[in-house]
Amino acid sequence: MAATEFLIRVLLRTIRYPQKVSDEMDEATRKRMQQRAELLSREMSRLLQELEQRSQEESGVSWGAPLFAALQQWLFWAIAGVLVLLFGLWWCLRKRRREPDSRSGEERSSIHREQVEEAEEEEEDSDDADFLGRFFEEHIQWPVQDLATECLVVKDLVGDLLRVFQVLLSNSFFPVLQPAIGVGSAFEGWSPHEDDAVYRLLVPLQAPRGHAFHLELGTAGEMPARNSCIRVELVCTCTRERLAGEMLCFLHHPEEELRRNQDPSLLCTLCTGSYLDVRKTARWFHQLVKAAWLVLPHLSKYRLTLLPSSRSCKFQVTKDDNKSLVVEMVFGVQQGNSDIFLSSQATEDIFTPSTMWSESCAVAEVKFFSHMARKVPHDSFHLKCLQLCARVLVGTGFSTYTLKTVVMHLLTTIPVSGWRRRHFLLRLQDIMQYLRCCLEEKRLDHFFLGNERVPEKIVLPPAFQTAKPLNLFQRLAQDPPTQAEALREFVELRDRLTRLLIYGY
């Protein structure tokens, strides 16, 4: 990494501090710079051709691991360096044409020259790197959506819906809905889907009067537990009934009296047997959204389209300008007072029974990124690094969750001051290098299990804190062909990232 940083600084020193020349030599210098630019252009074309040829080679060609890693790193930074030099040469030529030389070497005293050189020496490292980061910030075509603004719009809209729900359900025995929590990439400040972000919110559910929720976690030792259940139990309300007369006890009143004088219990509406049913809950939410939309006049400016989803309430909102937002409400029950929930969100399993809920870290993840946003410098590029890397994942076997896990680990190991705009290329290199090492070692630890670096502000269940680290790459250790395929896909991933840095899209 030190060699890489040195290369970047040498390249930028050439760009930002070209040798001063007199007016008589300007034309000759301009010609030399144009010749240099043409040479660099030819070199860049050769590197790109080499990149294309190597990406099309058959997988039978085998490189030694050290040589292969060195070739990858050299090619990545060679192309990035040529790109920066081309831009810098163009910038210098343009500046020379616009700015007349108002001073000759004789007009500046030697003392003044030494002072200027000392000041430049002190600031050049910071300015050089910031110049490079600013160039890539402007060169790359970033998604045009304003995630922060649209997240606020979605939260206000869902908040209005939930307030209507609470009025409609005030005297019922359906789950008690708590304020929604924005989760997922959009609310973390980045989106892997470019301009088609899905705005996901988790709606916490609490047991209604006369009921209690009991969380039955999945297979012993499995964390996070995927096959968990929420058992619904009726509890005695006779004391409350005598004091307030507000409801009949489901346990101690005759069924006929209950059927005649009181709404049915949750066991009779959204449960299968004694367990809360995800699919029934999703259908119930869809019905609530349609009903609430009709009683909120200010929502008439939006066009509602309900989208198919068996384990969540998903809908599309279209504004008058035909701009659409996709909103997904998932449901969850909190584990104690922690940031871990049993969630309705679908798992990787092909078929998940309707009474199965999965242990979700989505709230903990969004709290982590919110915590880091308060700690990093104002010009931090950690989310742009994540956004850029996620863009090149399409069509590979890597998930955005794998990439996000890598970035979360790096955010807690690299000082927060090292994520500024000026460190953009170095942090991209760290992300790629960390992922490659995990693939070679066949190990990537889950961020929230047995990790002492998790910020204290994130509340985890005791079992998470004492658990052994969970290897997300366990399948690679069990299946060598899968690891070999993952390493080949990593090569394609790195090539894509290189092309994105060069072309900007």
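Note that the structure is a prediction, hence the values are computed from the model and not measured.

1. Describing the pairing of strand 3 (residues 198–206)
Most of strand 3 sits out of view: seven of its nine residues are buried. Where strand 1 (residues 176–177) and strand 3 come together, two bridges link them in antiparallel fashion. In the strand pairing of strand 3, Val176 is matched with Gln206. The pairing of strand 2 (residues 181–183) with strand 3 spans three bridges and is antiparallel. Bridge pairing in strand 3 links Gly182 to Leu201.

2. Comments concerning helix 10 (residues 362–375)
Spanning 14 residues, helix 10 covers 20 Å between terminal C-alpha atoms, matching the ideal 20 Å at 1.5 Å per step. Burial in helix 10 covers these residues: Ala362, Val363, Ala364, Glu365, Val366, Phe368, Phe369, His371 and Met372.

3. Quick look at the confidence of the model for the protein
Close inspection of predicted coordinates is inappropriate for parts of the model with low pLDDT. In this model, the protein carries a mean pLDDT of 79, and residues with pLDDT of at least 70 account for 68%. Helix 1 (residues 2–16) is the least confidently modelled element of the protein, averaging 44 in pLDDT, while strand 7 (residues 275–276) averages 98, the highest of any element. Scored below 50 in pLDDT, residues 1–25 makes 51 contacts in the model with residues more than four places away or belonging to other chains. Scored below 50 in pLDDT, residues 93–109 makes 15 contacts in the model with residues more than four places away or belonging to other chains.

4. Thoughts on the side chain of Thr396
Relative to the assigned elements, Thr396 resides in the loop between helix 11 (382–391) and helix 12 (400–411). The exposure class assigned to Thr396 is buried, which follows from its relative accessible area of 16%. One polar contact links the side chain of Thr396 to the main-chain carbonyl oxygen of Leu393, over a distance of 2.6 Å. At 3.3 Å, the side chain of Thr396 and the backbone nitrogen of Phe398 are in polar contact. The residues touching Thr396, leaving out its near neighbours within four places in the chain, are Glu489, Leu493 and Arg496.

5. Focus: the pattern of salt bridges
Pairs can form between side chains of opposite charge once their charged atoms are near each other. One pass over the structure, following the stated rule, counts 15 salt bridges. The closest approach of N and O atoms between Arg420 and Asp379, which form a salt bridge, is 3.1 Å. Remark: Asp379 occurs in the loop between helix 10 and helix 11 and Arg420 occurs in the loop between helix 12 and helix 13 (424–441); sequence separation between them is 41 residues. On the basis of relative accessibility, which here comes to 25%, the residue Arg420 falls in the partly exposed class. Ionic pairing is found between Arg443 and Asp445, a salt bridge with its closest N-O pair at 2.8 Å.

6. As for the packing of aromatic side chains
The final tally for this structure, using the stated rule, is eleven aromatic pairs. One aromatic cluster is present, formed by Phe165, Phe174, Trp284, Phe285 and Phe331 through successive ring pairs. Lying over the aromatic face of Phe381, Lys384 brings its terminal NZ or CZ to 6.0 Å of the ring centre. Here the basic side chain of Arg427 rests over the ring of Trp419, its NZ or CZ set 5.9 Å away from the ring centre.

7. Let's talk about unusual backbone geometry
With a phi close to 60°, Lys442 is a non-glycine residue in the positive phi region. Within the element layout of this structure, Lys442 appears in the loop between helix 13 and helix 14 (462–466). According to the relative accessible area criterion, Lys442 is partly exposed, its value standing at 30%.

8. Focus on helix 5 (residues 147–168)
Compared with an ideal rise of 1.5 Å per residue, which puts 22 residues at 32 Å, helix 5 spans 31 Å between its outermost C-alpha atoms and is within 8% of the ideal. When we look at burial in helix 5, the residues that qualify are Leu147, Glu150, Cys151, Val154, Leu157, Val158, Gly159, Asp160, Leu161, Leu162, Val164 and Phe165. Lining the buried residues of helix 5 we find strand 1, helix 6 (184–188), strand 3, helix 9 (278–294), strand 9 (313–318) and strand 10 (324–334).

Rules behind the numbers
Per chain, residue numbering runs from 1 following the sequence as it is written. Owing to the predicted nature of the model, reporting of local features is limited to residues with pLDDT of at least 70; listing and counting of side-chain atom pairs is limited to 80 or more, with chain, interface and lining totals taken over all residues. Hydrogens and water are ignored here; the side-chain numbers use all heavy atoms of the structure. The cut-offs for exposure are 20% and 50% of the maximum accessible area for each residue type, with area from a 1.4 Å probe on protein chains only; residues under the lower value are buried, those over the upper are exposed, and the others partly exposed. Put simply, DSSP H or I for four residues or longer makes a helix, DSSP E for two residues or longer makes a strand, and each gets a number counted from the N terminus. Two strands pair if DSSP finds at least two bridges between them. Take the residue count of a helix, subtract one, and multiply by 1.5 Å to get its expected span. What pLDDT reports is the predictor's confidence in each residue, on a scale of 0 through 100. Residue contacts are defined here by distance: any two heavy atoms, one from each residue, within 4.5 Å place the two residues in contact. In the analysis that follows, any N or O atom pair within 3.5 Å is treated as a polar contact, provided that within protein one partner can donate a hydrogen and the other can accept it, and provided that, for residues neighboring in sequence, both atoms belong to side chains. The salt bridge criterion pairs a side-chain nitrogen of Lys or Arg with a carboxyl oxygen of Asp or Glu, the two atoms within 4 Å. Aromatic contacts are taken between Phe, Tyr and Trp rings whose centres are within 6.5 Å, Trp giving its six-membered ring; a plane angle under 30 degrees counts as stacked, one over 60 as edge-to-face, and the others as tilted. For a ring to carry a charge above it, either NZ of a lysine or CZ of an arginine must fall within 6 Å of the ring centroid while also lying within 35 degrees of the normal to the ring plane.

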